[in-house]
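This is what each chain is made of:
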Amino acid sequence: MNPDLHRERDSASFDAEKLTYILDGSPERTRRRREIENMILNDPDFKHEDLNFLTRSEQYDMAVKKSAMMVKKMRDFGIADPEEIMWFKKLSLISFVEPVGLNYSMFIPTLLIQGTTAQQQKWLSPSQGLQIIGTYAQTEMGHGTHLRGLETTATYDPKTQEFILNSPTVTSIKWWPGGLGKTSNHAIVLAQLYTKGECYGLHAFIVPIREIGTHKPFPGITVGDIGPKFGYGEMDNGYLKMDNYRIPRENMLMKYAQVKPDGTYVKPVSDRLTYGTMVFVRSFLVGESARALSKACTIAIRYSLVRHQSEIQPGDPEPQILDFQTQQYKLFPLLATAYAFQFVGAFMKETYHRINVDIGQGNLNELPELHALTAGLKAFTSWTANAGIEACRMACGGHGYSHCSGLPNIYVTFTPTCTFEGENTVMMLQTARFLMKSYDQVHSGKLVGGMMSYLNDLASQRIQPQQVAAWPAVVDISSPDSLAEAYKRRAARLVETAARNLQTEMKHRKSKDIAWNLTSVDLVRASEAHCHYVVVKLFSGNLSKIDDKPIQTVLKNLCLLYALYGISQNSGDFLQGGILTESQLTQVNQRVKDLLTIIRPDSAALVDAFDFKDHTLGSVLGRYDGNVYENMFEWAKKSPLNKTEVHESYHKYLKPLQSKL
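### Some thoughts on helix α22 (residues 628-637)
Every buried residue of α22 is accounted for by Val628, Met632 and Trp635. Projected down its long axis, α22 shows its buried positions confined to an angular sector of 60°, all on one face. Turning to α22, the residues buried within the fold contact α8 (276-306).

In structure tokens:
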């Protein structure tokens with residue numbers, strides 16, 4: 001064990017193991033997660049070459065091999081619980097993606113959400129066992145987040161009781177679905193439904209694309225891999241073109257919307273129900289943002305405790321770089337954010353499952369807010385985590401640029417989250433639509449509930465310029481609950497500002513849509529403020545649930561740092577709204593620096609509590625034992641370029657030049 005890390009862990013003010021129990025939900029869940037992890041770590045079948053040293057074709061081959069092995073091992077180990085399946089997948093795959101991933105994350109959930117009982121009986125078991133390997137084909141070359149613009153068509157033929165699927169234009173070719181290029185034999189395809197001469201919008205269809213046994217595409221199907229990408233080298237993201245391709249009527253998912261044998265369309269209770277898969281994935285991605293940022297913070301903070309460089313005072317020994325305030329300022333707010341997102345991810349998971357039960361019982365009351373919340377929080381957390389991962393990489397200096405740090409892999413694997421399942425700006429605008437609707441309801445005398453309920457108090461929260469001087473005592477910067485109140489006021493103010501600007505534009509424009517576009521910057525800011533408030537509220541609200549006083553204290557400090565750092569980065573909003581005075585803002589900035597010093601002794605234990613094994617972290621810089629440099633040298637020796645002392649290119653190109661000298 002590196003002596004620096006050993007000393008840091010010994011001096012922590014709390015028990016990291018107990019904090020791990022809180023993050024997992026209970027000691028029993030931690031025990032079971034580790035049990036599954038040890039199954040993988042102790043199984044020689046899961047040992048593999050470093051993907052960084054493989055070609056793309058070799059990466060794909062390795063990923064398919066691991067995916068198939070993963071399914072077999074889950075059968076052998078009797079792992080069937082959905083959450084345990086997720087743990088097994090994450091722990092066995094480390095930081096790279098799997099070609100069969102969408103079968104489990106989107107194909108099967110869509111079957112469960114939108115399929116009838118008969119459809120589930122037909123397709124669920126084969127897809128769970130990978131006889132059917134499914135993917136989810138929504139995005140097209142020309143359209144992604146704007147679902148109404150998708151061009152793929154499914155036209156019902158009552159004579160044969162079949163749907164005829166077509167990709168009528170180049171831009172209508174399905175583009176990007178993971179596992180589509182070479183792996184999947186079925187796809188859930190989103191297409192515009194036509195029956196009896198009418199278009200009824202997007203609906204989901206189960207489409208066989210390759211013959212089971214030969215894996216060759218069916219006639220009428222053109223399918224393949226879209227080529228190299230920024231990352232995801234082991235994933236065969238694909239394209240799909242359909243030409244008069246027929247599928248049976250029963251292949252339309254009909255739990256909500258239906259097409260009768262004669263072509264009669266039966267509409268769903270709510271159009272939003274047909275987008276249930278996206279809501280599920282967006283809620284899941286909030287937790288993934290927490291996980292990715294937690295991994296990056298673990299690597300950067302451990303490395304910052306091992307790396308010694310420069311001097312604080314001339315002549316002194318080189319300190320750990322985490323002793324520099326600037327390094328703490330880079331990393332500790334991100335660590336606080338990672339913890340905040342852990343609690344938000346748990347909340348979103350619980351909320352999704354609770355509302356999904358209500359939907360199953362016919363109660364759709366909370367469905368609109370669930371759509372708005374998952375869209376906004378998916379955008380807010382993924383944007384923040386994406387930037388945070390890159391900040392962690394740069395905080396590791398030159399070594400962070402190496403793949404041995406693990407940070408480039410985390411970044412390129414996570415960054416697509418900002419655009420898939422809805423491009424983030426568009427997601428924020430979807431949340432804004434619900435905020436504007438809620439604002440209008442409040443002004444018509446109706447109360448709104450859930451996370452939007454603060455809008456009910458808009459009248460009492462309005463602050464006139466002459467009132468600002470009397471405001472200072474409202475916010476206590478040492479109280480998480482008081483800071484949550486400040487964020488609430490900021491959100492309410494920005495929502496009202498956006499609503500008023502929208503109303504002003506509507507008075508001068510003939511089209512509400514044009515007015516919406518001309519107010520969209522304000523609307524996105526309102527959504528961001530709303531999401532920021534939700535995160536602070538959830539983080540502060542969880543503190544009272546923690547009985548262990550040392551852990552409660554360290555989490556309170558993280559919560560304060562998260563909230564106060566956010567105020568310092570958005571100070572104009574809090575000053576303009578009269579929520580904080582200039583004097584208070586000076587106190588906020590000083591308190592942020594004070595908290596850096598307070599959190600510093602617990603930094604090693606705080607990242608240890610995330611409980612990432614070296615196998616899962618995939619980083620030489622972030623090793624638990626801190627023995628970075630020896631292992632970095634060993635890692636470099638494995639580079640394929642080092643297999644020969646003299647590379648063949650020397651003899652082919654350089655030696656002829658030298659012989660002429």
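There's plenty left to go through after this.
### Some details on the packing of α8 against helix α10 (residues 367-395)
Running from amino to carboxyl end, α8 crosses α10 at an angle of 20°, the nearest separation of the two axes being 8 Å. As judged from the angle between their axes, α8 and α10 are roughly parallel. Crossing geometry of α8 relative to α10 is assigned as left-handed. Side by side, α8 and α10 meet where Val279, Arg282, Ser283, Leu285, Val286, Ser289, Ala292, Leu293, Ala296, Cys297 and Ala300 of the first sit next to Leu370, His371, Thr374, Ala375, Leu377, Lys378, Thr381, Ser382, Ala385, Gly388, Ile389 and Cys392 of the second. The residue makeup of the contact of α8 with α10, split by class, is 14 nonpolar, 7 polar and 2 charged.

### A closer look at the pattern of salt bridges
One pass over the structure, following the stated rule, counts 33 salt bridges. Across the salt bridge formed by Asp4 and Arg7, the nearest N and O atoms sit 3.2 Å from each other. Residue Asp4 and its partner Arg7 are located together in helix α1 (residues 3-10), separated by 3 residues, close to a single helical turn. The exposure class assigned to Asp4 is buried, which follows from its relative accessible area of 10%. Between Arg9 and Asp608 there is a salt bridge, with the nearest N and O atoms lying 2.5 Å from each other. You can see Arg9 sitting in helix α1 and its partner Asp608 sitting in helix α20 (residues 603-608), a full 599 residues away along the chain. Asp608 shares its class with Arg9; the two are buried. One connected set of salt bridges, linked through shared partners, spans Glu17, Asp24, Arg33, Arg34, Glu37, Asp611 and Lys613.

### Quick notes on a nonpolar patch on the surface
Together, Tyr653, Leu654 and Leu657 make up an exposed nonpolar region whose accessible area comes to about 340 Å². Mapped onto the secondary structure, Leu657 falls in helix α23 (residues 648-658). A residue is classified by how much of its surface remains accessible, and Leu657, at 57% relative accessible area, is exposed.

### Focus on the side chain of Arg249
Tracing the sequence through the fold places Arg249 in the loop between β9 (245-248) and β10 (258-259). Of the residues examined, Arg249 reaches a relative accessible area of 14% and is grouped as buried. Of note is the side chain of Arg249, whose polar atom sits 2.7 Å from the backbone oxygen of Val259. Ignoring anything within four residues of it in the chain, the contact list for Arg249 reads Tyr156, Gln161, Glu162, Phe163, Met254, Val259, Lys260 and Pro261.

### Quick look at the packing of aromatic side chains
Pairs of aromatic rings are described using the distance from one ring centre to the other and the angle between the two planes. Tallied over the full model, the rule gives 14 aromatic pairs. Taken together, a centroid distance of 5.5 Å and an interplanar angle of 55° make the contact between Phe280 and Tyr352 tilted. Of this pair, Phe280 sits in helix α8 while Tyr352 sits in helix α9 (residues 325-360), and the two are 72 residues apart along the sequence. On the basis of relative accessibility, which here comes to 6%, the residue Tyr352 falls in the buried class. Their ring planes at 35° and their centres at 5.5 Å tell us that Phe343 and Phe539 sit as a pair that is tilted.

### What to know about the confidence of the model for the protein chain
Here the protein chain averages 91 in pLDDT, while 96% of its residues score no lower than 70. Scored below 50 in pLDDT, residues 463-473 makes 11 contacts in the model with residues more than four places away or belonging to other chains.

### Points about the pairing of strand β5 (residues 186-195)
For β5, the buried fraction is high: 9 of the 10 residues fall into the buried class. As defined by bridge partners, strand β1 (residues 134-137) adjoins β5 across 4 bridges and the pair is classed as parallel. Residue Ala137 lies in a different strand from β5, and its bridge partner there is Val189. By the bridge criterion, 3 bridges tie strand β2 (residues 153-157) to β5 in an arrangement that is parallel. Following the sheet pairing, Thr155 is matched in β5 by Tyr194. Pairing analysis gives 9 bridges linking β5 to strand β6 (residues 198-208), with the strands arranged antiparallel. Its bridge partner lying in β6, Ala187 is registered against Val207.

### Focus: the nonpolar core
Residues Tyr339 and Leu555 are the most contacted members of the largest nonpolar core, which totals 130 residues. Among the elements that line this core, the one with the most residues is α9, at 15 residues. Counting residues in each nonpolar core, the second largest holds 36 residues, with Met39, Phe88, Leu190 and Ile206 among its members.

Thresholds, definitions, all that
Residues numbered from 1 in each chain as written. Predicted model: local features only at pLDDT ≥ 70, side-chain atom pairs only at ≥ 80, totals over all residues. Heavy atoms only, no water. Buried < 20%, exposed > 50% of the residue type's maximum accessible area, 1.4 Å probe, protein only. Helix = DSSP H or I, 4+ residues; strand = E, 2+ residues; numbered from the N terminus. Arc of directions from axis to C-beta. Contact = heavy atoms within 4.5 Å. Axes fitted to C-alpha atoms, helices over the stretch in contact; angles between N-to-C directions. Parallel < 35°, antiparallel > 145°, perpendicular 65-115°, else oblique. Left-handed = near helix turned anticlockwise from the far one by under 90°. Nonpolar A, V, L, I, M, F, W, Y, C, P; charged D, E, K, R; others polar. Salt bridge = Lys/Arg side-chain N within 4 Å of Asp/Glu carboxyl O. Patch = residues over 30% accessible without salt bridge, like charges linked within 9 Å, V, L, I, M, F, W, Y side chains within 5 Å. Areas by Shrake-Rupley, 256 points an atom, 1.4 Å probe, with all protein chains shown as cover. Polar contact = N/O pair within 3.5 Å; in protein donor to acceptor, adjacent residues only side chain to side chain. Phe/Tyr/Trp six-rings, centres within 6.5 Å; stacked < 30°, edge-to-face > 60°. pLDDT = per-residue confidence, 0-100. Pairing = 2+ DSSP bridges. Core = buried A, V, L, I, M, F, W, Y, C linked by side-chain atoms within 4.5 Å.

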